[in-house]
Amino acid sequence: MKQVKTVLLRSVLVILVSTGLITLFPENPTSFASTQYFKKSVEDKDQLGTITGVITDQVGAVIAGATVIIKNLGTGAEITKTTKEDGSYEFLNLPIGSYEITVNADGFKKGSINLIEVSSSVSKVVNLVLEVGETSEVVTITAAEEIVQTTTSSVRTNINSKPSVKAPKTIKGKKADNNIVIERQTSQISTTYNARKIKELPSTSSNNVSEIIALTPGATNTTKSNGASTSGNTTNNTSTPIESNTEGYTNYGVNPWTNTKTDHFSTFAVDVDTGSYTIARRKLNEGVLPPMDSVRVEEFVNYFKYDYPNPATKHPFSLTMEASASPFNENRYLLRIGLKGREVVTKERPAAHLTFLVDNSGSMNDEDKLELVKRSLKMLVNHLQPKDTVAITTYAGGVELVLSPTHISDKEIILNAIEQLNSGGGTAMEAGIDLAYKQALSSLDPKSINRVIICSDGDANIGKTSHSEILKQIENYVEQGITVSTIGFGMGNYKDNMMEQFANKGNGNYYYVDTIAQAKRIFVEQLTGTLQVIAKDVKVQVEFNPVSVLEYRLVGYENRDIADEDFRNDEVDAGEIGAGHTVTAIYEVKLQKRPIKNLATVRLRYKTPNANKKTPAQEVAASIDLSRVQQNFNQTSEDFRFSIAVTAFAEILRNSQAAKDWSLNKIANIAETALQNSNQAYNKERQEFFQLVKKAQQLKHTLPPNPKP
């Protein structure tokens, strides 16, 4: 009997030692004495709890080999574990009480959580995000727990809850018990931190540690600087104060009149952006005139669709021209050039691999910002196809991969992930763009649509903050086959100049969303065109005949100007056309006293969507002669008249000197007559335009012209 007891006792000792509950040769006496408390508690399984978690870096890569130390604050006992290849750790069978967790890893600041309460039969998930830095620096985290009411040690949490610290940055969902459960699938980001290079991580100023602390809710910086300690408390629901009006716009000037004998070529890149018009609509509906620097004529005109014919040749678009005498000035004429992109049936559209990059910084904490972003993205997801995938990344004080590429067949997972987005912290736009593009590259498919969709107010205050610096990032990714759409939200601190140029440099489109109806227009009614590029680097060159044309000016496209000699330089970047898009350009011209037959020749040059800088472009040309110029403006097509009304409206709103004698009353009359028999599909938007002109008429009498932001 005594032998049996001895064998049983040895077995128990082996178990206790192997689980770390008893240390036979402790490094310090305190730890050894406290093991008696651990040993006693094992006898009562109902008094045990569990702490598990995952250690990641700032961009979501797991950190293997990190040292995790758990200390019982009541007894002083410590247990040390090392994170596994997937960055996870676990402490099982812990007595109830208060604990401290400390994490060390080479190349990172030490992370510490002061107080974790362990209750009986409860598993707590404690995830830490380590910052790049010296191990002598400490970042103390005051709240970073996810409580899982279960006795199992699996690392998972219900997505419908809102934990104070988010799950590791790569998640993969599956259905279980009618709930959506997030499981850690770190291999989709990287296997270990050791496989990553520190230089690939986003950089932030070492003098502003609080910028990174926003990555982890409740974090407090305890690093001393110049002998004084600094601290900061950031929560996910804290909105960054915004100056009353810090909007950013760029004035690109107004194209001058050009003497044809001096220069008879006009060359520009096409543009299908519409953000400028939507911003003006919002301003006018709020009872103010839009800042004149925010007005880009081409974005007003191209907001509307026109009845151009579908392509009838091998080229992906048709070319239409119409001209008439000007209704505003005698001895001047207006020439309209129109393109219509080939329509693509939805089911014939290639698979789309989309990466949403969502600005969830404190400045986005408004109903017309992050909440409208979430509603817009849900609408988009609901109209994608099963073959499409969506990934979600965010940036605030730091960056996060919220959802790895997920097929639309798992739509519920994507929608729930979008719903969990909330705002708080600074705006590390530079690092966010980097993460989004790298995520897009991970699922790059040359035969599919590969696009990053940036949803933001365009503000940036961490890392590289000037738009010229950030634009250089985007240019580096374009050649790899990833395009970008920028979707602007909000006002007050909105940076139109940043968002417009992002799309320009990223070979994509720029939109501004002021209402959910506008989101529907972009993501439902024009979804295929929004996503699928059918021709890129599209340039237009108009050669005016000096014998017929005395002077000319291109109305708008000031920031799309291309040197005449670069028209056939196929390494020069230009504009893109999406499926079904229409592109319109308006010229104002003065004719010679005795013009001859040929007025102008229009040439278009473009590349196929998959071409690179060295791929030869294709070219198409057409001419317009004097016989096609309508001398009576009222006898032109309604489409033509409406496009002229929109052009003139934008000219007046931006205080163009060329339109100083034009009147809003005349523009309203032109728009109204152009509505009588217009296409019913377009009528609602054109009626809205007419009402905006009427509002501008009233505001012109009551407000100073075009207030600066």
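Each remark here, short or long, concerns the structure printed above.
The structure contained in this document is the topic of the report that follows.

**Brief notes about the overall build of the protein chain**
- The number of helices and strands found in the protein chain is 15 helices and 33 strands.
- Taken over 709 residues, the protein chain has a buried fraction of 56%.
- For the protein chain, the exposed area adds up to about 29,700 Å²; of that, 48% sits on carbon and sulfur atoms.

**Digging into the pattern of salt bridges**
- Under the criterion given, the structure shown has 30 salt bridges.
- Asp457 is paired through a salt bridge with Lys369; the nearest N and O atoms lie 3.4 Å apart. Highlighted residues: Asp457 in the loop between β24 (449-456) and α9 (467-478) and Lys369 in helix α6 (residues 367-381), separated in sequence by 88 residues.
- Residue Asp457 is classed as buried on the basis of its relative accessible area of 0%.
- Its relative accessible area of 0% is what places Lys369 among the buried residues.
- With a closest N to O distance of 2.7 Å, Glu619 and Arg605 form a salt bridge. Of the two residues, Glu619 sits in strand β32 (residues 618-625) while Arg605 sits in strand β31 (residues 598-607), which places them 14 residues apart along the sequence.

**Some details on the sheet that holds strand β19 (residues 317-325)**
- Taken in spatial order, the six strands of this open sheet run β17-β28-β30-β20-β19-β33, and their pairing is mixed. The sheet is open, and its two edges are formed by β17 (258-259) and β33 (629-630), each paired on a single side.
- Here β19 pairs with β33 via two bridges, running parallel. Bridge pairing links Ala323 to Val629 in β33.
- Contacting β19, β20 (333-341), β28 (549-555) and β30 (582-591), helix α13 (residues 638-653) runs over the sheet at an angle of about 110° to β20.

**Some points on unusual backbone geometry**
- At Asn93, a residue that is not glycine, the phi angle is positive and equals roughly 55°.
- The residue Asn93 is located in strand β4 (residues 88-95) in this model.

**Description of the environment of Glu117**
- In this structure, Glu117 sits in strand β6 (residues 110-118).
- On the basis of relative accessibility, which here comes to 35%, the residue Glu117 falls in the partly exposed class.
- Separated by 18 residues in sequence, Glu117 and Tyr99 have C-alpha atoms that sit 6.4 Å apart.

**Digging into the packing of aromatic side chains**
- Considering all chains together, one arrives at 19 aromatic pairs under this definition.
- An angle of 80° between the planes, with centres 5.2 Å apart, marks the rings of Tyr303 and Phe304 as edge-to-face.
- You can call Tyr303 buried: its relative accessible area is 3%.
- What makes Phe304 buried here is its relative accessible area of 1%.
- These aromatic residues form a ring-pair network of at least three members: Tyr277, Phe300, Tyr303, Phe304, Phe642, Phe649 and Phe689.
- Directly above the aromatic system of Tyr303 lies the positively charged group of Arg521, at a separation of 3.8 Å from the ring centroid.
- Positioned above the aromatic ring of Phe642 is the side chain of Arg686, whose terminal nitrogen or guanidinium carbon lies 4.5 Å from the ring centre.

**Observations concerning the sheet that holds strand β21 (residues 352-359)**
- Pairing is mixed in the open sheet, where six strands are placed in the order β23-β22-β21-β24-β25-β26. Two strands in the sheet have a free side with no partner beyond their single neighbour: β23 (399-407) and β26 (510-512). When the angles between neighbouring strand axes are averaged without regard to direction, this sheet yields 15°.
- Sheet topology places β21 next to strand β22 (residues 389-395); seven bridges connect them, and they run parallel. Directly across from Thr355, in β22, lies its bridge partner Ala391.
- In this fold α6 packs onto β21, β22 and β24, with an angle of close to 170° to the strand it touches most, β21.

**Topic: the pairing of strand β1 (residues 48-56)**
- For β1, the tally of buried residues reaches nine of nine residues, placing the bulk of the element in the interior.
- Residues of β1 alternate between two faces, with Leu48, Thr50, Thr52, Val54 and Thr56 on one and Gly49, Ile51, Gly53 and Ile55 on the opposite face, all of them buried.
- Inspection of the sheet shows β1 paired to β4 by six bridges, in the antiparallel sense. In the strand pairing of β4, Thr52 is matched with Glu90.
- Relative to strand β7 (residues 123-126), β1 runs parallel, the two being bridged by three bridges. Within the sheet, the bridge partner assigned to Thr50 lies in β7 and is Ser123.
- One ladder, built from two bridges, connects β1 with strand β8 (residues 128-129); its direction is parallel. Residue pairing for β8: Ile55 is matched across the bridge by Leu128.

**So, the nonpolar core**
- Core analysis: the largest hydrophobic core is formed by 42 residues, its most contacted members being Phe300, Phe304, Phe649, Ile667 and Phe689.
- Counting only elements with at least two residues in this core, the list comes to α4 (275-285), α5 (297-301), α13, α14 (664-673) and α15 (680-702).
- In terms of residue count, α13 provides more of this core than any other element does, ten residues in total.
- With residues up to four places along the chain from it excluded, the contact list for Ile667 reads Phe328, Ala645, Ala648, Phe649, Ile652 and Val693.
- Counting residues in hydrophobic clusters, the runner-up holds 36 residues, among them Val270, Ala325, Val540 and Tyr557.

**Remarks on the packing of α13 against α14**
- Running from amino to carboxyl end, α13 crosses α14 at an angle of 155°, the nearest separation of the two axes being 8 Å. As far as their axial angle goes, α14 and α13 are roughly antiparallel. In the packing of α13 onto α14, the handedness of the crossing is left-handed. Across the interface between the two elements, Glu638, Arg641, Ala645, Ala648, Phe649 and Ile652 of α13 pack against Leu664, Ile667, Ile670, Ala671 and Thr673 of α14.

**Things to note about α14**
- Burial in α14 covers these residues: Leu664, Ile667, Ala668, Ile670 and Ala671. For α14, the arc enclosing every buried residue in end-on projection is 165°, short of the 170-degree limit, so these residues lie on one face.

**A word on the side chain of Thr530**
- Looking at the secondary structure, you find Thr530 in helix α12 (residues 527-531).
- Residue Thr530 is classed as buried on the basis of its relative accessible area of 2%.
- A distance of 2.7 Å separates a polar side-chain atom of Thr530 from the backbone oxygen of Gln526.
- Ignoring sequence-local partners within four residues, the contact set of Thr530 consists of Arg451, Ser485, Asn509, Tyr511, Ile522 and His581.

**As for the environment of Val129**
- Within the fold, Val129 resides in strand β8.
- Between the C-alpha atoms of Val129 and Asp57, which are 72 residues apart in sequence, the distance is 5.4 Å.

**With respect to the side chain of Asp273**
- Tracing the backbone shows Asp273 in the loop between β18 (265-269) and α4.
- Judged by its relative accessible area of 1%, Asp273 falls in the buried class.
- A distance of 2.9 Å separates a polar atom in the side chain of Asp273 from the backbone nitrogen of Tyr510.

**Describing the packing of α6 against helix α7 (residues 411-419)**
- Two elements in contact, α6 and α7, have axes whose closest approach is 9 Å; the angle formed by their N-to-C orientations is 170°. The orientation of α6 relative to α7 falls into the category roughly antiparallel. Judged by residue contacts, Lys374, Leu377, Lys378 and Val381 of α6 engage Lys411, Ile414, Leu415, Ile418 and Glu419 from α7.
- Residues that form the contact of α6 with α7 fall into these classes: five nonpolar, no polar and four charged.

Criteria and thresholds
Residues numbered from 1 in each chain as written. Predicted model: local features only at pLDDT ≥ 70, side-chain atom pairs only at ≥ 80, totals over all residues. Heavy atoms only, no water. Helix = DSSP H or I, 4+ residues; strand = E, 2+ residues; numbered from the N terminus. Buried < 20%, exposed > 50% of the residue type's maximum accessible area, 1.4 Å probe, protein only. Areas by Shrake-Rupley, 256 points an atom, 1.4 Å probe, with all protein chains shown as cover. Salt bridge = Lys/Arg side-chain N within 4 Å of Asp/Glu carboxyl O. Pairing = 2+ DSSP bridges. Contact = heavy atoms within 4.5 Å. Axes fitted to C-alpha atoms, helices over the stretch in contact; angles between N-to-C directions. Phe/Tyr/Trp six-rings, centres within 6.5 Å; stacked < 30°, edge-to-face > 60°. Lys NZ or Arg CZ within 6 Å of the ring centre and 35° of its normal. Core = buried A, V, L, I, M, F, W, Y, C linked by side-chain atoms within 4.5 Å. Parallel < 35°, antiparallel > 145°, perpendicular 65-115°, else oblique. Left-handed = near helix turned anticlockwise from the far one by under 90°. Arc of directions from axis to C-beta. Polar contact = N/O pair within 3.5 Å; in protein donor to acceptor, adjacent residues only side chain to side chain. Nonpolar A, V, L, I, M, F, W, Y, C, P; charged D, E, K, R; others polar.

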